Amino acid sequence: RRLMKEERIPVYYARRKRKYTSFEGEITPAPIDHVQRQFRAAAPNELWVTDVTEFAGPDGKVYLSPMIDCFDGKVVAWNTLPSPSKALTQGMLTDAIGELPAAYRQKLRANPQVTKLAVHTDRGGHYRGAEWIEMMNGAGLTRSMGRKGKSGDNAACEGFFGRMKTEMFYGRVWENVAQIETAIERYMHFYNNERIKTALGGVTIAEYREALETEPSRKQS
C-alpha cells in the first residue's frame, strides 16, 4: 500500500456479491431437527432433503429447488424459476409427492407417525409459510429443520449443489439463462440415469433402483 501510494496507483475495490439467502426470520415455529446431520436412510422414501440454490447468467438468474432421497441420492423432483418465489418450492413439492406410489401416499396420509417420510430443510421462508406446511400435512410428511446459519445441518443438499455446479456449471461460458436451464435439465437426467456412484457399488441410481425392485423385502410399496 505504501509503494502504491508513492507511485499514485489507484486502488479499485470490487463490490462483493450478495449471497442468496431465503431466511425471512422466525415467521412460524421451527419443527424439530429429526436428522441431526445423519443423512442416511434404510429404504427409499424415508428421508428427503431440499434447498434452493441460484445460477447466475449474463442476462439473469435461475433458481433450482430439488428434492433428494437420502437412500441413494436420487433427485426425486426438481423445479426451476427465474426468481426464488414460493411457487418454486411448492411446485417441486407437488411433483415430489406425485412420484410416490399411490399406496404409499395412502399410508402416509392414514398414519404418518408410523410411516414417517421426513423432509429436511433449512430455516428458509419457503419452508415456513402456510402453503408449504399445509401441503406437508396434507400428504402426511414429517417436517424437519436445521438450525439458522448452520449449513452443515443440511449438508446432504449442500453437497449435491457443490458437485452439480462443479460438474456442469463452473468453468463454462454461458450465453443466456435459457442455456443454463437446459443444462440443468440435462444434468438431472444424467445424475439419476447415467452418472455412476461408488457408494452404490459403481452403478447408476437408476440401475440401483431397478435392482431394488427384485428385493421384495426392501421394496417400498
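What comes next concerns the included structure.

So, the packing of helix H6 (residues 155–168) against helix H7 (residues 177–193)
Any two packed helices are characterised by how steeply their axes cross, that is the angle between the axes, and by the distance between the axes.
Moving on, step 1. The contact between H6 and H7 brings their axes to 11 Å, and the two run at 115°. With respect to H7, the element H6 is oriented roughly perpendicular. By crossing handedness, the relation of H6 to H7 is classed as right-handed. Across the interface between the two elements, Phe 160, Arg 163, Met 164, Glu 167 and Met 168 of H6 pack against Ala 183, Ile 184, Tyr 187, Met 188, Phe 190 and Tyr 191 of H7.

What about the pairing of strand E3 (residues 60–69)?
Moving on, step 1. By the criterion of burial, E3 is predominantly enclosed, with eight of the 10 residues buried.
Moving on, step 2. Across three bridges, the pairing between strand E1 (residues 47–50) and E3 is antiparallel. Its bridge partner lying in E3, Thr 50 is registered against Met 67.
Moving on, step 3. Count of turn residues in the strand E2 (residues 53–57)/E3 antiparallel hairpin: two residues.
Moving on, step 4. Strand direction decides the pairing type here: E3 and strand E4 (residues 75–81), joined by six bridges, are antiparallel. Within E4, the residue paired with Pro 66 across the bridge is Trp 78.
Moving on, step 5. Counting the residues that bridge the hairpin from E3 to E4 gives five residues, and of these Gly 73 lies at a positive phi of roughly 90°.

Reading guide: rules and limits
- Every chain is numbered independently, its residues counted from 1 as its sequence is written.
- For this predicted model, a pLDDT threshold of at least 70 governs which residues receive local features, and a threshold of 80 or more governs which side-chain atom pairs are given and counted, while totals over whole chains, interfaces and linings are taken from all residues.
- Side-chain metrics in this entry use all non-hydrogen atoms of the structure; hydrogen atoms and water are not considered.
- What counts as an axis is a line fitted to C-alpha atoms, over the stretch in contact for a helix, and the angles between N-to-C directions run from 0 to 180 degrees.
- The secondary structure listing takes helices from DSSP runs of H or I that are at least 4 residues long and strands from runs of E that are at least 2 residues long, numbered from the N terminus.
- Roughly parallel means an angle under 35 degrees; roughly antiparallel, over 145; roughly perpendicular, 65 to 115; everything else is oblique.
- Each crossing gets its handedness from the near helix: less than a right angle anticlockwise from the far helix is left-handed, clockwise is right-handed.
- In what follows, residue pairs with any heavy atoms lying within 4.5 Å of each other are defined as contacts.
- For the exposure calls, accessible area comes from a 1.4 Å probe over protein chains only, and a residue counts as buried if that area is under 20% of its type's maximum, exposed if over 50%, partly exposed in between.
- What makes two strands pair is DSSP finding at least two bridges between them.

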